[in-house]
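Here's the letter readout for the chains.
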Amino acid sequence: MYRPLLIHVLYSVVVMVGLSGHGVPLSAEETSPWKVADGPLLTRWSGGITPDNAWPEYPRPQLTRDRWQNLNGLWEYAITKKEAPQPQTMEGEILVPYPVESALSGVMRRLGYTQRLWYRRNFEVPNDFRDGRLLLHFGAVDWEATVWVNGRKVGVHRGGYDPFSLDITDFLVPESRQEIVVSVWDPTDTGYQPRGKQVLRTEGVWYTASSGIWQTVWLEPVPERYIERLKIVPDVDGGQVTVAAFAEDAPPSEITVRVVENGRVLSESSGSPGEPIALPIQNATLWSPENPKLYDLKILLSEGGTVVDEVGSYFGMRKISLGKDAAGRTRILLNNRPVFQLGLLDQGFWPDGLYTAPSDEALRYDIEVTMDLGFNLIRKHVKVEPARWYTWCDRLGMLVWQDMPNGDRFLNVFKPVPDPDLIRSRGSAEQYQRELSRMITNLENHPSILIWIPFNEGWGQFDTARITEWIKRRDPSRLVDSASGLVDRGTGDVNDLHNYLGLSVPAPEADRAVVLGEFGGLGRRVDGHMWQNQGDWDYRKINDRDRLTDAYCELMKNLEVMQGRGLSGAVYTQTTDVEIEVNGHLTYDREQFKLVPSRVREANLKARGPVPELTILQPTSERDGQRWRLTDTAPTGDWMARDYDDSKWRQAPGAFGDKKNHPLLVGTEWEQGPRWFRRPFIVPQDKAGEICLLIHHAGEAEIFIDGERAPTPQQTRGPMAGYRLVRFTEAQQAKMTPGSWNQLAVVVQPGEEENFFDAGVVFLRPPAQ
C-alpha cells in the first residue's frame, strides 16, 4: 500500500537538503536521567518500561540454549556527521533496543542520511562464558552497523531486518570489563536498500524511520564447534519431518535429532551436519488455526561419541499447497483442504517504539486481538518482525503472509499499461537478493508462514519471474505471491488484486489462486488517540462508529460473492491506525476499538464459513462485453417496466465510459450526458437463495427491477471506486418471476470527473450444510 508517489518523491528531495546537519532534537535535554521521551502518543505499556526490563525475553525461540546474557538497557549514544571518527564524549543515554527516533529510546531524535549514530556500553563476561567461543548477537540494526570490541573492529553488517552474529572471543581482554562500540549509518529513503515504510519526512502512508539498534542485543557462549542453524521441513503426506542441523564440519561429528512431545521421545534419528535427517511422526496432529499443535525438538552435536552442543527447537506438521475445490476452482489449501484466509494488513508500527513493540506482551497483544476479531491471517506488510512475533503466531495459530520489505524506485503502476520491471543497479539488486535470502533463512522454520511476497504494488519490482522461481527453489514448501497488487506478471502461485472499495476479482486460473491482498481501508478519527491533531489519511472516512461498522459488515457480506467467484483469501487494511493513517480496527495507541468488536467478529466468522454457491444470471462486462439496450435521450412513459418497448433503443456492449479516464475500456464510449440502460435476466425456478446486483458507476444512479425503484444503501447511490453488491429487499425478490424474464433498468448521470457504468446479476444459494 503506497500512495501518492509524486508527493513522496518531493519529500525525499526536501529530506536530502533538510537533514544534512546534526540530529534534530525532538525531546528534552539529553543530560537528564533517562525517561520515556514526550512523544505524540504512548501506549499502555510505556509506563512499565525501565532500563532494567527492556525486552528481557529469550530472543531466538527456534534455536535455544540455556546460557545467554541480555545486553539490552542503557547504552551511551552520540550523533555525528557520517564521516566523523568515533566521538570521545558521548551525548547521553539511549535505551536499547528502541530506535533512536522513538519515545521509548528516551532520545527521540531523527537521524539524517549524512549522519552517524554511535552506541557504547561496557559489559562483563562471566567466568563460565570463557570455556569456548563467545558470540555477540544483534536481533536487527537498521541499516549499516560497524562493531568494535575493546577498540578493535570486529565486523560490518548491512541489512536492517535480519539478525547477525559476531564471534568476539579473540577480541576480549583478560579483565572482566569489556567495551562494545557500534556505529550506524541509515540512508532510509535516500538509498536503494530495503526499508519498508520508513521515510525521513512522514506523510500519508509513509512513517517515521527506525534507525539503529531495534531488536535485542545479547551474548551467547558456545563450544568450539556448535550448531549454527536449523532447517525444518514437515512432510504431512509422508508422515515425517526432516531436520538439517548446520555446523562447522569436523569429522567425526554426528547430529542426533529427537522429536519430543510432553517429555516423551516420539522419534529419533542421526546423520551428518547439514544432512536432512528424516524422522517419522505416526498419526501426527496437524498444525492449524483451530489446533496449533507444536512438537518439540532436541538436537545434539557429538564428536567422537561425546555431546559437545545441544539446542532446542520446535515445529508444526502442516502443508500449504494449491488444489481444486468441489466446483473445480483453484484454491489455497491448508493440510489438503480449502481454508478461506481472512486477515489484516499489519504494519508493525508503535507510537512509542516505532519498529520496536514496547514489550513482548504488547507484541502478543496485536496477534490476540486480531484473533479475537475473527481473523485467521496476518499479512506482515513490508516489515520483518523479531523472531518472537512469529513464535507467538506459531503458538496461537495465526496464519502469516510475509512481505519482503521494499526499497529502491517505483514502477508507474497507475498508467493504462504499467511499466515493465525495473532495471536495478547491480548493487541494489544484490542487496535486495541478499536480504531476501536472509529473511527466508531466518523465518523458514515457522509453521505459521504460508506465503512469501517479494514485491508490493510495483515497488522495487525487478526480474519478477526470476525472483519468483528462485524463491520456489529455495523454499518449495510454501507458496509465492510474486507481486501483491497492481503489477501481476502471471508468475507465482497467486494472482493478488488490491481493490479498496470494489468487488473485482481476477478471472479464475487453472494453476494460480486468486486473493485480495488489500481492501477496505475505512477510516474514522478518534480524538484523543491520534498521532497528530492534523491529518487523517484513509481511503473512505466514516466518523460514526455504528455506520463504520455497518459499512465494514457490508464489505464482509460482499466477500461471499467474491468467494463464489474463486477468491481464496482477503486482507483488510488494517490492524491499527499508523501515524496519520486512521483506517485501523484499533487506534494507534491500541486503546479503542473503532468498530463494534462483536459485530466485526460475527461478520468475519461468517465470511470464513462455508462458501455459498454462486450462479451468474447476467454477467458483468469485466471480462467480456455484455450487450445492453441504451439511449441518451430521456425516454417517455414507463421506460423501466418489464413490458416497455425498447426495440428502437440502440444495442451496444459494456462497459460504458469515457476514454480519457478509461483508456483501456473494452466496450462503448460515453462522453457526456445521462444514459438509460435496460437488460433482462431470468430468475431460477428454485428461488432458495438471494438475488443480488453487481454494479459499478461513476455518477448518481437509479436502479429499477420490473418497474419498481430498488432502494439501495447510501454508499451505492453516489460514485463507486469499484463493483459493489446491491442486495434487493425480500419484497422485491418475492415479486421477481421464476423461470421467466425480469427487467433490470438503470439511469446513470455523468460523474463529476468521469463517466462509467457496468452491472450484472448474481444468485447466491446458501452453502450445503
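In this text the structure is predicted, and so the values were computed from the model without any measurement.

Asker: I keep staring at the sheet that holds strand β11 (residues 164-167) and nothing clicks. Help me out?
Answerer: Paired through backbone hydrogen bonds, the strands of a sheet run either parallel or antiparallel to each other. What the 4 strands build is an open sheet, ordered β2-β16-β7-β11; its pairing is antiparallel. Looking at strand neighbours, the two that pair on one side only are β2 (69-70) and β11, the edges of this open sheet.

Asker: What exactly am I supposed to notice about the pairing of strand β16 (residues 217-222) here?
Answerer: Across a regular strand the side chains alternate sides, sitting on one face of the sheet and then on the other. When you tally the buried positions in β16, you get 6 out of 6 residues, the bulk of the element. The alternating pattern of β16 places V217, L219 and P221 on one face and W218, E220 and V222 on the opposite face, and all of these are buried. In this sheet, β16 lies alongside β2 in antiparallel orientation, the contact comprising 2 bridges. Within β16, the residue paired with Q69 across the bridge is L219. Here strand β7 (residues 133-138) runs beside β16; their pairing, made up of 6 bridges, is antiparallel. When the sheet's bridge partners are listed, L136 is paired in β16 with L219.

Asker: Would you take a moment to explain the side chain of N456 for this structure?
Answerer: As for its placement among the helices and strands, N456 is situated in strand β31 (residues 455-456). When its relative accessible area of 2% is taken as the criterion, N456 is described as buried. A polar atom in the side chain of N456 sits 2.7 Å from the side chain of R379.

Asker: Hey, could you run me through the pattern of salt bridges in this one?
Answerer: Any two side chains of opposite charge can pair, so long as their charged atoms come close to each other. One pass over the full model with this rule turns up 55 salt bridges. A salt bridge links D550 to R599, with the nearest nitrogen and oxygen atoms 2.7 Å apart. Taken as a pair, D550 in helix α6 (residues 545-564) and R599 in helix α7 (residues 597-607) lie far apart in primary sequence, 49 residues in all. The class for R599 is partly exposed, based on a relative accessible area of 29%.

Each value, and the rule that gives it
Residues numbered from 1 in each chain as written. Predicted model: local features only at pLDDT ≥ 70, side-chain atom pairs only at ≥ 80, totals over all residues. Heavy atoms only, no water. Pairing = 2+ DSSP bridges. Helix = DSSP H or I, 4+ residues; strand = E, 2+ residues; numbered from the N terminus. Buried < 20%, exposed > 50% of the residue type's maximum accessible area, 1.4 Å probe, protein only. Polar contact = N/O pair within 3.5 Å; in protein donor to acceptor, adjacent residues only side chain to side chain. Salt bridge = Lys/Arg side-chain N within 4 Å of Asp/Glu carboxyl O.

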